[in-house]
Amino acid sequence: MFLAIFHTVESLSDEKLLEKYRSSGNSWYVGELYKRYTKAVAGVCYSYFKDRDEAEDTVMEIFELVISDLKKYEVQTFKPWLFSVVRHYCLRKKEKSKKAFDHHQDLKKNPDYFMESSDELSLSFLDGQVSRDMHVELEKAIAQLKDEQRICVELFFLQDKSYQEISTITGYSLNNVKSHIQNGKRNLKILLESQNG
């Protein structure tokens, strides 16, 4: 019985699958569409990101969006609609990623990136421009920060994560992430100054 239904689903057109999905709400029908178009969608995603993992993640994100959008919109022809969604989604994602990267690079060009005023500690020691001893001191100082400050400082400065990425990783709000980084920077300055007399 199950196999008969399965073969029936396989033989349905995209548009019939959409009708069945809309009338039943059963995501199994979208699952068949997913199966039909995964490779093609992955190919388009890869052409945007040139990274297999990023492309695979994006495919999953797109099909989650598709399941939701198909409940809201009455799509007449699935394939052109799907690839329109894919292109727009990839472009938006790429643009967001570029903005986050550019913002981070702009911050790094700012001489006050690590500390608020020019007479405070420079970020240069994080870029490998100083001795190993300074790195050891920095690691010790970071380890003494409160957990939320330490995590945010390490992710932002040492792993080049954006505020949004840190928010996603930690579950902190964007405002909390910014606050933890600012407070962490101030406390680091105090700790490093005390270590160096």
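Residues numbered from 1 in each chain as written. Predicted model: local features only at pLDDT ≥ 70, side-chain atom pairs only at ≥ 80, totals over all residues. Heavy atoms only, no water.

A separate point is the packing of helix α3 (residues 28-49) against helix α4 (residues 52-72). It is the contact of α3 with α4, at a shortest axis distance of 8 Å, that shows an interaxial angle of 135 degrees. Judged by the angle between their axes, α3 and α4 are oblique. α3 and α4 meet at a crossing whose hand is right-handed. Residues Val30, Tyr34, Tyr37, Thr38, Val41, Ala42, Cys45, Tyr46 and Phe49 of α3 touch α4, and the partners they reach there are Arg52, Glu54, Ala55, Thr58, Val59, Met60, Ile62, Phe63, Ile67 and Leu70. The class makeup of the residues in the contact of α3 with α4 is 15 nonpolar, 2 polar and 2 charged. (Axes fitted to C-alpha atoms, helices over the stretch in contact; angles between N-to-C directions. Helix = DSSP H or I, 4+ residues; strand = E, 2+ residues; numbered from the N terminus. Parallel < 35°, antiparallel > 145°, perpendicular 65-115°, else oblique. Left-handed = near helix turned anticlockwise from the far one by under 90°. Contact = heavy atoms within 4.5 Å. Nonpolar A, V, L, I, M, F, W, Y, C, P; charged D, E, K, R; others polar.)

What follows is about the state of the cysteines. By definition, a disulfide links two cysteine residues through a covalent bond between their sulfur atoms. The full count for this structure, using the stated rule, is 0 disulfides. Free cysteine: Cys45, not disulfide-bonded; nearest cysteine sulfur from Cys90 at 3.8 Å. With a relative accessible area of 0%, Cys45 lands in the buried category. (Disulfide = S-S within 2.5 Å. Buried < 20%, exposed > 50% of the residue type's maximum accessible area, 1.4 Å probe, protein only.)

All right, on to the pattern of salt bridges then. Using the criterion set out here, one finds 10 salt bridges in the structure. Measuring nitrogen to oxygen at the nearest pair gives 3.4 Å for the salt bridge that ties Lys35 to Glu10. Within this pair, whereas Lys35 is found in helix α3, its partner Glu10 is found in helix α1 (residues 2-11), the two being separated by 25 residues in sequence. Among the residues examined, Lys35 registers a relative accessible area of 45% and is labelled partly exposed. Glu54 serves as the salt-bridge partner of Lys93, at 2.9 Å between the closest nitrogen and oxygen. With Lys93 in helix α5 (residues 78-109) and Glu54 in helix α4, this pair connects stretches of sequence that are 39 residues apart. (Salt bridge = Lys/Arg side-chain N within 4 Å of Asp/Glu carboxyl O.)

The general pattern is negative phi for most residues beyond glycine and trans for most peptide bonds. Notably, Lys50 is not glycine yet its phi reads approximately 55 degrees, a positive angle. Among the secondary structure elements, Lys50 is positioned in the loop between α3 and α4. Residue classification places Lys50 among the exposed residues on the basis of a relative accessible area of 57%.

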